Amino acid sequence: MAKKSLELKALKAPKFSVRKYNRCPLCGRPRGYMRDFKMCRICFRNLALQGDIPGVTKSSW
């Protein structure tokens, strides 16, 4: 889990726009963020396997 102070810091608007970075709104993870779904890869995988994300299926070939 991310530190509470860093999660709150990410919510504030930075002084310069280049200092902004994305965090997962579910767990607060800053790395592995997927812009298309606005969450980290771990939360994305869990929700996709549960079927909570429409249009996403597990691939197999």
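Going by the structure above, here's the rest.
Residues numbered from 1 in each chain as written. Predicted model: local features only at pLDDT ≥ 70, side-chain atom pairs only at ≥ 80, totals over all residues. Heavy atoms only, no water.

Peer 1: Describe in detail the overall build of the protein, supporting the description with residues and values.
Peer 2: Scanning the protein from terminus to terminus reveals two helices and two strands. Counting from the amino terminus, helix and strand elements in the protein follow one another as α-β-β-α. C-alpha extents for the protein along the principal axes are approximately 45 × 20 × 20 Å. Within the protein, the proportion of its 61 residues that are buried is 15%. With the model as given, the accessible surface of the protein reaches about 5500 Å², and the carbon-plus-sulfur share is 55%. (Helix = DSSP H or I, 4+ residues; strand = E, 2+ residues; numbered from the N terminus. Buried < 20%, exposed > 50% of the residue type's maximum accessible area, 1.4 Å probe, protein only. Areas by Shrake-Rupley, 256 points an atom, 1.4 Å probe, with all protein chains shown as cover.)

Peer 1: Now, about the environment of Lys20: what can you tell me, with residues and values included?
Peer 2: Among the structural elements, Lys20 can be located in the loop between α1 (4-11) and β1 (33-34). Through-space distance from the C-alpha of Lys20 to that of Gly51 is 31 Å; in sequence the pair is 31 residues apart. Only 3.2 Å separates the side chain of Lys20 from the side chain of Asn22, close enough to count as a polar contact. (Polar contact = N/O pair within 3.5 Å; in protein donor to acceptor, adjacent residues only side chain to side chain.)

Peer 1: Which residues make up a positive patch on the surface, and what values go with them?
Peer 2: Together, Lys9, Lys12, Lys15 and Arg19 give the surface a local cluster of positive charge. Residue placement: Arg19 occurs in the loop between α1 and β1. (Patch = residues over 30% accessible without salt bridge, like charges linked within 9 Å, V, L, I, M, F, W, Y side chains within 5 Å. Salt bridge = Lys/Arg side-chain N within 4 Å of Asp/Glu carboxyl O. Lys, Arg positive; Asp, Glu negative; His and termini not counted. Charge placed at Lys NZ, Arg CZ, Asp CG, Glu CD.)

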